[in-house]
Amino acid sequence: MPDQTPDPNPVAPATPSAPVDATTPSPQRGPTINIADEFGTAKRNLPPVKPLLLTTVGILIIVGVVAFLQRAKPQGSGSLDNVSAVELPGQNASLVALSFTLHNSGEKSLWVHDIQGKLATSTGELTSEAVSAVDFDRYYQAFPTLKANAQPALAPEDKLQPGQEIKRTVIVSFPVTLDAFNQRRYVSVAIQPYDQPVPVTLTK
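None of the values given here were measured: they were computed from a predicted structure.

> What should I look at first to understand the overall build of the protein in this one?
The helix and strand inventory of the protein stands at 5 helices and 8 strands. Starting at the N terminus, the α and β elements of the protein follow one another as α-α-α-β-β-β-β-α-β-β-α-β-β. Within the protein, the proportion of its 204 residues that are buried is 26%. Once local pairs closer than 6 in sequence are excluded, the contacts in the protein between residues at least 24 apart make up 69%. Of the roughly 14,300 Å² of accessible surface on the protein, a fraction of 57% belongs to carbon and sulfur atoms.

> Just to check I follow, could you spell out unusual backbone geometry for this structure?
Note: most peptide bonds trans; most residues except glycine with negative phi. Phi at Asn92 takes a positive value of approximately 50°, unusual for a residue other than glycine. Tracing the backbone shows Asn92 in the loop between strand 1 (76-88) and strand 2 (93-104). Residue classification places Asn92 among the exposed residues on the basis of a relative accessible area of 54%. Of note in the backbone geometry, Glu157 takes a positive phi value of approximately 80° without being a glycine. Along the chain, Glu157 turns up in the loop between helix 4 (136-142) and strand 5 (159-160). When its relative accessible area of 46% is taken as the criterion, Glu157 is described as partly exposed.

> Sorry if this is basic, but what is going on with the environment of Leu80 here?
Within the secondary structure, Leu80 sits in strand 1. Separated by 121 residues in the primary sequence, Leu80 and Thr201 place their C-alpha atoms 9.1 Å from one another. If we ignore the near neighbours within four places in the chain, the residues touching Leu80 are Leu98, Ser99, Phe100, Val187, Ser188, Val189, Leu202, Thr203 and Lys204.

> Could you clarify how one ought to interpret the sheet that holds strand 2 in this entry?
By way of backbone hydrogen bonds, the strands of a sheet pair with one another, either parallel or antiparallel. The strand order across the open sheet formed by 3 strands is 1-2-6, and the pairing between neighbours is antiparallel. At either margin of the open sheet sits one strand with a lone partner, and together these are strand 1 and strand 6 (165-174). Ignoring which end each strand starts from, the neighbouring axes of this sheet average 20° apart. Inspection of the sheet shows strand 1 paired to strand 2 by 12 bridges, in the antiparallel sense.

Reading the values: rules and limits
Residues numbered from 1 in each chain as written. Predicted model: local features only at pLDDT ≥ 70, side-chain atom pairs only at ≥ 80, totals over all residues. Heavy atoms only, no water. Helix = DSSP H or I, 4+ residues; strand = E, 2+ residues; numbered from the N terminus. Buried < 20%, exposed > 50% of the residue type's maximum accessible area, 1.4 Å probe, protein only. Contact = heavy atoms within 4.5 Å. Areas by Shrake-Rupley, 256 points an atom, 1.4 Å probe, with all protein chains shown as cover. Pairing = 2+ DSSP bridges. Axes fitted to C-alpha atoms, helices over the stretch in contact; angles between N-to-C directions.

Taken by themselves, the reported measurements are silent on function.
This is the structure in structure tokens:
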């Protein structure tokens, strides 16, 4: 027999394939979970906007009502009963006596700390400290008009008990002529008590 030449590229015998197990699950091809949508957006992490806004508005309304009810109020009340004014010759200024009724409407004593007069004209508002009570007689002698309907002087450190009512006068000066004073918008006396944020202001 002739020698057989070996095949340089032998074919490997076929390997039988493994049988397919019908119980092996096939790869999942449905929708996948978006982790970013679950954990990385305000939509998922924050509460709904509308209820949050309604809650904030409600809180602001409550705070506003409480602040309005507890706002500072004057400790006293009263009325500005009489205004007498004279012009200071050659000074373009007027001297004004303001007579008023003051009532302590608070629950504790009203101690007078400071007294001012305020004048509103067409050009603005002017403020003046009250003159000392010891000078009243001198002003009354020089300008008798100021004494019309005058009451005892109100001075710093005067004290009103709760519920007490007094009638007093203060004298102030403003750098306006008597004619300008008579054309005023209003004049006031402002009484600032100790330990009170708001003065008692009486206007006419």
